[in-house]
Structure formats: structure tokens, C-alpha cells
Amino acid sequence: LELRVGPQGVFVEGQARHPVSSLEQTLELLELGARNRTVGAHEMNALSSRSHLVVTLELTTTSSSDSNSEGALLAGAEVLKSRLQLIDLAGSGGGGG
């Protein structure tokens, strides 16, 4: 991973941000990422990862009573945000039993 420093802080060169609004869109992007990974065999693992994968899921939710008929948030609306980071480092998979 190539780390860079920019106006908004440290970032990973080549990273992409893909806003989604459904589980199906999320799964499509995860499948795309899995297809683009590099794997290789070694003694303990036939499908050992040879590339890093970092997925950050940022979830935002509001109550439907906090928005108007067009979906715009009303003043004072409660917004809940969560962040989940999934990280798989190349070659970190153990082949234990």
C-alpha cells in the first residue's frame, strides 16, 4: 500500500470510495474486490492472499420520522453513524488446524 499525505491527512494511493444505498450494491463491490485480489499457493494454504484488502463500511441511519416526503432531513433530526473496518493483510492467513 502506498501511503500519501494530502490536504485531508494520510490516505492510501489508489483507494476508491463508492457510496451505496442497498445491500445488493455493497455485495457487488465486495465481490469485485475479491475478484481483483491476487492469491497464490504455498505449503499451508492453497489460496493464500498476496494482496492487502481494506474495506471501510460507513453506515448512516436516520428515523423515517426525521425526514420530509422528499427524504431530506428535518432540523434536529437524529443521525446515527458507524464505521466498520475490515482488513486482510497479504500472507497473514494461518493454516492451522
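Let me sum up the structure you'll find in this document. Residue numbers here run from 1 along each chain, matching the order of that chain's written sequence. Reporting of local features is limited, given that this is a predicted model, to residues whose pLDDT is at least 70; pairs of side-chain atoms are given and counted only at 80 or more, and all residues count toward the totals for whole chains, interfaces and linings. The side-chain figures draw on all heavy atoms in the structure; neither hydrogens nor water molecules are used.

## Quick word on the overall build of the protein chain
Next, step 1: We count a stretch as a helix when DSSP gives it H or I for four or more residues in a row; a strand needs E for two or more, and each element gets its number in order from the N terminus. Across its full length, the protein chain carries 1 helix and 6 strands.
Next, step 2: For the protein chain, the sequential pattern of α-helices and β-strands runs β-β-α-β-β-β-β.
Next, step 3: Here the term buried applies to any residue with accessible area under 20% of the maximum for its type, exposed to any over 50%, and partly exposed to those in between, with areas from a 1.4 Å probe on protein chains only. Across the 97 residues that make up the protein chain, the buried fraction comes to 8%.
Next, step 4: Contacts between residues were defined by any pair of non-hydrogen atoms, one from each residue, lying within 4.5 Å. Contacts in the protein chain between residues far apart in sequence, at least 24 positions, make up 38% of those at least 6 positions apart.

## Section: the pattern of salt bridges
Next, step 1: Take a side-chain nitrogen of Lys or Arg and a carboxyl oxygen of Asp or Glu: if they are within 4 Å of each other, that pair is a salt bridge. Within this structure, the stated rule accounts for 4 salt bridges.
Next, step 2: Residues E2 and R4 are paired through a salt bridge, measuring 3.9 Å at the closest nitrogen-oxygen approach.
Next, step 3: Given a relative accessible area of 46%, E2 falls into the partly exposed group.
Next, step 4: The class of R4 is partly exposed, set by a relative accessible area of 37%.
Next, step 5: When the shortest N-O distance is used, the salt bridge between R4 and E13 registers 3.1 Å.
Next, step 6: A network of salt bridges, in which partner residues are shared, links E2, R4 and E13.

## Regarding the layout of surface pockets
Next, step 1: Approximately 1,400 Å³ is the volume found for the largest pocket.
Next, step 2: For the largest pocket, the lining is made up of 32 residues, of which A16, R17, V54, V55 and T56 are closest to its centre.
Next, step 3: It is strand β5 (residues 53–62) that contributes the most residues to the lining of the largest pocket, 8 residues altogether. Grid points spaced at 1 Å and placed over the protein atoms alone form the basis of the search, with a cavity being a set where a 1.4 Å probe fits but cannot get out and a pocket an open set showing protein on both sides within 12 Å along at least five of seven lines. Lining residues have an atom within 4 Å of a point. Grid points are joined across faces, edges and corners, and a volume is the space filled by probe spheres set on the points.

## Quick notes on the environment of L59
Next, step 1: Secondary-structure assignment places L59 in strand β5.
Next, step 2: For the pair L59 and K81, spaced 22 residues apart in sequence, the C-alpha separation works out to 5.5 Å.
Next, step 3: Leaving out residues up to four positions away in the same chain, L59 has contacts with L80, K81 and S82.

## Regarding a nonpolar patch on the surface
Next, step 1: A residue counts toward a patch only above 30% relative accessible area and without a salt bridge, and it is joined to like-charged neighbours within 9 Å or, for Val, Leu, Ile, Met, Phe, Trp and Tyr, to nonpolar neighbours within 5 Å. For every accessible area listed, the method is Shrake-Rupley and the probe measures 1.4 Å; residues are considered covered only by the protein chains on display. A contiguous nonpolar patch, built from L3, V5 and V10 and spanning about 350 Å² of accessible area, is present on the exposed surface.
Next, step 2: Within the secondary structure, V5 is located in strand β1 (residues 3–6).

## Observations concerning the environment of E13
Next, step 1: Secondary-structure assignment places E13 in the loop between β2 (9–12) and α1 (23–35).
Next, step 2: It is 5.3 Å that separates the C-alpha atoms of E13 and E2, two residues lying 11 residues apart in sequence.
Next, step 3: Leaving out residues up to four positions away in the same chain, E13 has contacts with E2 and R4.

Read these as layout, nothing more, since geometry by itself doesn't imply function.
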